[in-house]
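# Breakdown of the fold
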Amino acid sequence: MSEPKISAYSAAHHPALAHHFDDLEQQQEASTLGMWVFLVTEVMFFGGLFMAYIVYRTWHSDAFAAGSSHLDVFLGGVNTVVLICSSLTMALAVHAAQTSWRRGQIVFLLLTMALGATFLVIKAFEYADKFEHHLVPGPHFEWPDETLRAPVQMFYSLYFAMTGLHALHMVIGLGIMLWLLWHAYRGRFDAEYFSPVEVSGLYWHFVDIVWIFLFPLLYLIGAHLAHT
Amino acid sequence: MFQNLPLFPAQASGFAGDVDALYFFLIAVSAFFSLLIALLVIVFAIRYRRRTPGEVGAGITGSIQLELLWTIVPFGITMVMFVWGAWVYFDLSRPPRAAMEIYVVGKQWMWKVQHPDGRREINELHVPVGRPVKLLMGTEDVIHSFFIPAFRTKFDVVPGKLTTMWFEASRPGRYHLFCAEYCGTKHSAMIGWIEVMEPAAFQAWLSGGTEEGSLASRGQKLFNDLACQTCHMPDSKGRGPVLDGLFGKKVPLRDGQTVVADENYLRESIVNPQAKIVDGYEPLMPTFQGLINEEGLLQLIAYIRTLGPQAPATKTAPAQPESQR
Amino acid sequence: MLQPARPRNYINAEYGVMSWLLTRDHKRIALLYLGAVTLFFALGGLFAVLIRLELLTPAGDLVQSQTYNKLFTMHGVVMVFFFLIPAIPAVLGNFLLPIMIGAKDLAFPKLNLASWYIFMAGGFFTLWAMIAGGVDTGWTFYTPYSSVYSNTNVALTGIGIFITGFSSILTGLNFIVTVHRMRAPGMTWFRLPLFVWSHYAASLIMILGTPVIAITVLLVFADRVLKLCIFDPACGGDPVLFQHLFWFYSHPAVYIMILPSMGVISELVAAFARKNVFGYTFVAFASLGIAVLGFLVWGHHMFVSSQSVYAGMIFSILSFLVAIPSAVKVFNWTATLYKGSISWDAPMLYAFGFIGLFTIGGLTGLFLATLGLNVHVHDTYFIVAHFHYIMVGGTIMGYLGGLHYWWPKISGKLYPEGWAKFAALVVFVGFNLTFFPQFIVGYLGMPRRYHAYPEEFQVLNVMSSAGASILGVGYLIPLVYFVWSMRYGRNAGANPWGAKGLEWDIQSPPITENFHETPVVTEGAYAYTRGRMDVV
């Protein structure tokens with residue numbers, strides 16, 4: 001635990017220092033810790049869903065395999081690559097902030113947003129496909145094999161709940177980046193003050209990691225369970 | 001006024017004494033510690049009351065010995081409670097093999113009871129004194145809980161599975177039956193009576209109304225109506241597994257595991273046939289979810305239990321044509 | 001009328017409604033919360049009054065059964081999510097935690113204000129659900145009743161709870177970061193007041209548990225509105241999975257309610273006995289122990305829900321273990337009184353009341369952890385009595401005690417001591433008369449959530465209703481004199497109790513920045529032994 005320092009130099013001069021912090025270092029540490037704590041809550045939030053997934057996949061493994069094999073592995077795979085690339089560009093945006101490179105911040109943030117939007121567009125196409133094929137849970141759900149109809153509907157319930165909440169996190173992330181972009185454009189971030197970019201980066205990587213778990217659990221188990 | 005103020009429920013089952021003994025033990029421990037704390041607080045508060053405005057307390061900060069004492073002593077006492085409580089709980093949750101079975105279905109907002117001999121009742125349950133009774137319970141809709149205070153036992157009925165509870169009534173009389181798990185608008189009207197009778201009176205009551213035939217025979221009718229026998233043939237030529245002598249056996253599954261064919265397995269195999277596929281068979285059976293209500297499921301299970309050499313002979317179970325091989 | 005200018009403080013620093021609604025001062029936000037939770041407490045109390053009136057007679061004759069079901073549901077929802085969980089952390093914690101560690105504010109003042117707005121938004125949806133006809137699932141929202149069968153406003157209430165959860169998460173997050181990063185020079189972890197320790201422990205539960213209830217109610221919402229079928233047996237779903245997820249939060253939530261209250265009691269006992277809290281380190285670690293073990297006991301709500309017998313045994317033994325740190329705390333508070341200099345001021349009376357009622361509440365918790373006994377008392381009034389001893393006898397006694405203790409600091413005014421003592425007594429008597437008979441009627445077998453009940457339970461229920469009316473009066477008296485004291489109370493000095501702690505070193509009410517200059521801490525909390533204490 002670092003002792004708060006009373007550093008008159010930075011305290012008096014940096015416009016981004018809030019009144020209740022002693023110096024920028026303390027402010028930076030606080031926001032980073034705050035974001036990590038928030039990510040812990042996010043882990044618990046998705047944890048509830050993963051728990052439901054584990055229970056039901058154990059109970060209905062055949063139905064989950066059947067349901068999974070109707071998801072488009074190609075589109076899911078493309079989306080995985082897109083998201084990993086967006087994490088890279090996000091990391092580069094953080095680096096640009098830390099090195100006071102304003103143009104870099106703008107370019108990499110725009111790239112990250114473009115990749116995030118690509119992900120969402122692809123996801124939208126996938127959802128549309130599910131609507132067309134009556135794979136959305138509810139009264140209109142259809143499944144050729146009547147004997148598996150109920151548990152496959154459970155698989156799709158989880159699919160929509162998990163990917164839907166993930167997509168919602170993506171949308172929120174894009175909103176945050178819009179805000180960052182505006183401030184980067186106005187030259188707010190530099191080597192002294194970059195914590196908004198850094199903690200947003202943490203958030204974005206987290207959303208990426210959630211997808212890294214979702215992709216195999218939802219898209220690939222069909223192939224996996226078929227071999228066992 | 002005090003005639004109207006009961007402080008203790010009637011004891012009418014084998015468990016009641018066990019549970020009450022545990023209760024009194026906990027009351028004794030609680031009373032001891034509550035009074036000890038209360039006494040110490042009052043004595044200290046009076047003895048060490050502030051006499052002058054500027055006074056401060058003694059410079060005591062703590063004592064490892066005392067901390068250890070009041071960590072270890074409560075630990076020891078609670079472990080006694082744990083072991084004793086678990087002991088009673090095991091008793092409560094393990095019905096004896098010889099128990100007579102009664103089938104119960106909860107439904108918003110009534111309890112429907114079927115005796116194996118065919119007698120049905122609603123919001124009442126007649127049981128003989130001195131004989132272990134096992135209830136096999138399901139629900140048509142939401143969670144309910146079958147609660148008999150005088151017997152000190154209850155258990156939930158949960159949608160999607162069968163649950164069991166058991167008791168041995170020890171005193172004839174009429175006792176409350178409550179639904180203990182909130183189940184909607186008329187939750188507090190989902191109540192009834194447990195009628196504990198002398199064995200002879202119970203037998204007389206039981207033979208009072210069997211016009212519909214036994215549970216198993218109704219199950220057999222359902223079995224035929226649903227055309228189950230087209231696949232589940234008594235010889236192994238059928239597309240489905242042989243059911244004769246199945247109940248209570250270990251069944252090998254396609255994924256290499258085995259499962260004991262108990263009531264819950266049978267129920268699951270009817271409503272969700274794909275969940276556990278028997279080794280050597282194809283997953284062909286359609287689900288019967290929605291086609292049979294919970295009472296029908298219990299009748300089918302009662303019927304399947306009577307099939308084959310292993311089944312206990314029930315005198316009212318009519319001979320099964322296919323089983324006469 | 002000319003009055004001598006009062007020194008600048010956080011209340012008179014700015015004027016106007018907007019200066020309150022847009023404030024980032026943790027003290028002002030605490031007052032915003034105080035107003036909000038008081039209103040919710042009154043609303044929940046109103047529901048309680050109607051419940052107790054209905055239960056005066058065995059027949060369900062005052063309201064219809066569905067109305068009754070809505071009343072106890074809304075009583076539970078409002079009291080749990082909108083009063084008990086926020087009360088101490090968001091009011092007293094918000095006000096005091098930064099001051100106690102020598103900080104100018106919480107780490108994230110804007111988030112703090114946001115959390116209040118989120119709280120109000122959640123409250124708005126919940127109130128909307130009530131005005132639009134109410135909700136009747138019980139505050140536990142068990143599926144499939146909530147997800148399929150109930151035709152009341154489950155979805156709206158769910159949204160309300162979901163939103164409110166975020167205010168709780170933000171408060172917890174703010175507290176954790178503040179305690180880690182904002183402590184004044186010299187304020188080491190083991191010099192922190194126990195109030196801070198217990199809030200830290202409660203914050204851990206808020207950030208780890210609340211997201212789970214959020215996803216759980218969201219899934220119930222999705223089942224109802226979007227027709228997913230995650231808890232629906234018709235799709236092979238499991239209603240008991242809902243109970244696991246629900247209690248994974250809702251059991252630790254009880255510790256969100258009680259831990260801050262325990263923190264208050266530690267402060268009160270130390271201040272009014274003018275003595276070091278006996279076994280400081282043990283009390284501090286007991287808070288953390290409760291927070292950690294509290295997450296491992298949720299299954300004791302499901303001993304008769306068809307969970308496996310062996311799972312039942314594990315949850316039972318863990319439930320006994322969580323009782324031990326609580327017992328350690330009670331023993332330490334009692335030992336603190338030994339050779340103290342004990343004053344009988346009103347806050348201390350609440351502390352005495354807390355120790356007694358929490359002891360009974362905790363010990364009856366052992367009845368519920370005992371497997372064989374739980375089967376009988378599960379879902380009866382025994383449970384109702386038990387958790388009211390913890391939540392009302394524990395949390396609210398601590399809340400009121402803390403409010404009295406810090407009222408001079410918060411408002412700068414003294415409340416009338418005689419009335420306060422009287423109210424504390426009325427609350428204690430009324431509380432016991434209300435809830436003690438419920439232990440008996442519960443063991444007799446009266447199930448909870450019953451609109452009508454067999455006649456032999458009436459006498460005990462009448463006692464309970466009579467007690468409730470006394471308890472209600474006991475809550476109204478402080479409300480009246482606190483409001484009265486804001487205008488007519490005598491000015492309080494910086495330290496009217498002669499107590500230790502950074503909050504008593506600064507003026508009452510404090511200035512917006514709390515401290516003129518960052519304090520340097522040189523001694524532990526409760527260093528009462530150095531000479532006499534002066535009342536300022």
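Quick caveat: nothing in here was measured; it's all calculated off a predicted structure.

### Quick notes on the overall build of chain C
Looking only at helices and strands, chain C has 15 helices and zero strands in total. Here the C-alpha coordinates of chain C stretch approximately 70 × 50 × 45 Å along the principal axes. The buried share of chain C, reckoned over its 536 residues, is 68%. Of the contacts made within chain C by residues no fewer than 6 positions apart, 85% connect residues no fewer than 24 positions apart.

### A look at the interface of chain B and chain A
Listed by partner, the interface residues are eight residues for chain B and nine residues for chain A. Each residue belonging to the side of chain B that touches chain A can be placed in one class, and the counts come to five nonpolar, three polar and no charged.

### Some points on the pairing of strand β1 (residues 100-107) of chain B
All names here are of chain B. Burial analysis of β1 places seven of its eight residues in the buried class, the great majority of the element. With seven bridges connecting them, β1 and strand β5 (residues 132-139) associate as parallel partners. Bridging across to β5, Val 105 finds its partner in Gly 138. Bridge count between β1 and strand β2 (residues 110-114): five bridges; the pairing is antiparallel. Bridge pairing in β2 places Tyr 103 opposite Gln 114.

### A word on the interface of chain B and chain C
Listed as interface residues are 79 residues of chain B and, on the opposing side, 88 residues of chain C. Of all elements in the fold, only α1 (14-47), α2 (64-93), β6 (144-148), β7 (153-157) and β9 (173-179) of chain B reach the threshold of two or more residues within the side of chain B that touches chain C. Among the elements that line the side of chain B that touches chain C, the one with the most residues is α2(B), at 17 residues. Per-class residue counts for the side of chain B that touches chain C are 44 nonpolar, 23 polar and 12 charged.

### Focus on the confidence of the model for chain C
In the predicted model, chain C carries a mean pLDDT of 94, and the fraction of residues at 70 or more is 98%. Both confidence scores are given for the complex: pTM 0.92, ipTM 0.92.

### Some points on helix α13 (residues 381-411) of chain C
All names here are of chain C. Along α13, the sharpest change in direction is near 45 degrees and occurs at Tyr 405; proline Pro 408 comes one to four residues later. Summarising burial for α13: 28 of the 31 residues are buried, a large majority. Immediately downstream of α13, the backbone of Gly 412 shows phi near 80 degrees, a positive value.

### Side note on the sheet that holds strand β4 (residues 124-128) of chain B
All names here are of chain B. Taken together, the five strands give an open sheet; going across it, the order is β4-β10-β9-β6-β7, and neighbouring strands pair in mixed fashion. Edge positions in the open sheet fall to β4 and β7, since each of these has one partner strand only. Averaged over all neighbouring strand pairs, the angle between strand axes comes to 20 degrees, with direction disregarded.

### Examining the sheet that holds β1(B)
Residue and element names in this part refer to chain B. Across the sheet, which stays open at both edges, the five strands sit in the order β3-β2-β1-β5-β8 with mixed pairing between neighbours. Since the sheet does not close on itself, it has two edges, and those belong to β3 (120-122) and β8 (163-168), each with one partner. When strand polarity is set aside, the average angle formed by the axes of neighbouring strands in this sheet is 25 degrees. Lying over the sheet, helix α6 (residues 294-306) contacts β1, β2 and β5, oriented at roughly 135 degrees with respect to β5.

### Quick notes on the environment of C:Trp197
Residues and elements named next belong to chain C. In this structure, Trp 197 sits in helix α7 (residues 194-225). Accessibility expressed as a C-beta count within 10 Å gives 26 for Trp 197, which makes it buried. With sequence-adjacent residues up to four places away left out, Trp 197 is seen in contact with Leu 192, Gly 263, Ala 284 and Ser 287.

### Remarks on unusual backbone geometry
The step from B:Gln108 to B:Trp109 runs through a cis peptide bond, and the omega angle for that step is -5 degrees. Inspection of the secondary structure assignment puts B:Trp109 in the loop between β1 and β2. Backbone torsion omega between C:Ser508 and C:Pro509 reads -15 degrees, so that peptide bond is classified as cis. Looking at the element boundaries, C:Pro509 is found in the segment after α15 (458-488). Even without a glycine there, the phi angle at C:Lys339 is positive, about 60 degrees. Its location among the elements puts C:Lys339 in the loop between α10 (309-337) and α11 (346-369). We classify C:Lys339 as partly exposed; it has 16 C-beta atoms within 10 Å.

Definitions and limits used
- Residues numbered from 1 in each chain as written.
- Chains lettered and ligands numbered in written order.
- Predicted model: local features only at pLDDT ≥ 70, side-chain atom pairs only at ≥ 80, totals over all residues.
- Helix = DSSP H or I, 4+ residues; strand = E, 2+ residues; numbered from the N terminus.
- Buried ≥ 20, exposed ≤ 12 C-beta atoms within 10 Å, placed from the backbone.
- Contact = placed C-beta atoms within 7 Å.
- Nonpolar A, V, L, I, M, F, W, Y, C, P; charged D, E, K, R; others polar.
- Pairing = 2+ DSSP bridges.
- pLDDT = per-residue confidence, 0-100.
- Bend = angle between axes of the 7 residues up to and from the residue.
- Axes fitted to C-alpha atoms, helices over the stretch in contact; angles between N-to-C directions.

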